[in-house]
Amino acid sequence: MSGTSRNAVIVNGEPVAGAEGLSLAELLLRLGEPADQVATALNGSFVARDRRDEVQLATGDRITVFKAIVGG
């Protein structure tokens, strides 16, 4: 995994160092993302808001954070 820092996860295409072992909820807090206003995916799979505390991050994980869109 060249080009990424040790213990990095990838958030929206950018490496974030030192996130290994954090929960997804802790990472959102660290990034200043409003947890109630974003949707998340880990390695391509949706992670529900109520599961973010139990999802532990590992080096190389790919996280997508995006604004949830409602309506129709």
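Residues numbered from 1 in each chain as written. Predicted model: local features only at pLDDT ≥ 70, side-chain atom pairs only at ≥ 80, totals over all residues. Heavy atoms only, no water.

A.B. asks: I keep staring at unusual backbone geometry and nothing clicks. Help me out?
C.D. replies: Peptide bonds are trans in most cases, and residues, glycine excluded, mostly fall at negative phi. The backbone of Asn12 sits at a positive phi, close to 50°, despite the residue not being glycine. Its location among the elements puts Asn12 in the loop between strand 1 (9-11) and strand 2 (14-16). The backbone of Asn43 shows a phi angle near 50°, a positive value even though the residue is not glycine. By the element assignment, Asn43 lies in the loop between strand 3 (38-42) and strand 4 (45-47). (Helix = DSSP H or I, 4+ residues; strand = E, 2+ residues; numbered from the N terminus.)

A.B. asks: What should I look at first to understand the sheet that holds strand 5 (residues 62-67) in this one?
C.D. replies: Two modes of strand pairing occur in sheets, parallel and antiparallel, and in both the strands are linked by backbone hydrogen bonds. Taken in spatial order, the five strands make up an open sheet running 2-1-5-3-4, and their pairing is mixed. Two strands in the sheet have a free side with no partner beyond their single neighbour: strand 2 and strand 4. Strand-to-strand twist of the sheet, defined as the mean angle between neighbouring strand axes without regard to direction, takes the value 35°. The pairing of strand 3 with strand 4 spans three bridges and is classified as antiparallel. By the bridge assignment for strand 4, Ala41 is matched with Phe46. (Pairing = 2+ DSSP bridges. Axes fitted to C-alpha atoms, helices over the stretch in contact; angles between N-to-C directions.)

A.B. asks: Looking at this structure, how should I read the pattern of salt bridges?
C.D. replies: Working definition: two side chains of opposite charge can pair if their charged atoms are close together. In total, this model carries one salt bridge according to the counting rule given. With its nearest N and O atoms 3.1 Å apart, the salt bridge here joins Glu54 to Arg51. (Salt bridge = Lys/Arg side-chain N within 4 Å of Asp/Glu carboxyl O.)

A.B. asks: Would you take a moment to explain the side chain of Asp61 for this structure?
C.D. replies: By the element assignment, Asp61 lies in the loop between strand 4 and strand 5. A distance of 3.0 Å separates polar atoms of two side chains, one belonging to Asp61 and the other to Asn43. In this structure the side chain of Asp61 is engaged in a polar contact, spanning 2.8 Å, whose partner is the backbone nitrogen of Ala58. (Polar contact = N/O pair within 3.5 Å; in protein donor to acceptor, adjacent residues only side chain to side chain.)

A.B. asks: Is there a simple way to think about the nonpolar core in this case?
C.D. replies: Side chains of nonpolar character tend, in soluble globular proteins, to be buried together. Among the nonpolar cores identified, the biggest contains 15 residues, and Val9, Val11, Leu27 and Ile63 are the most heavily contacted of them. Contributions of two or more residues to this core are made by strand 1, helix 1 (24-31), strand 3 and strand 5. Sorting elements by how many residues they give to this core places helix 1 first, with three residues. Apart from residues no more than four positions distant in its own chain, Val11 is found in contact with Val16, Leu27, Leu31, Ile63 and Val65. (Core = buried A, V, L, I, M, F, W, Y, C linked by side-chain atoms within 4.5 Å. Buried < 20%, exposed > 50% of the residue type's maximum accessible area, 1.4 Å probe, protein only. Contact = heavy atoms within 4.5 Å.)

By themselves, these are just geometric observations and shouldn't be taken as functional.
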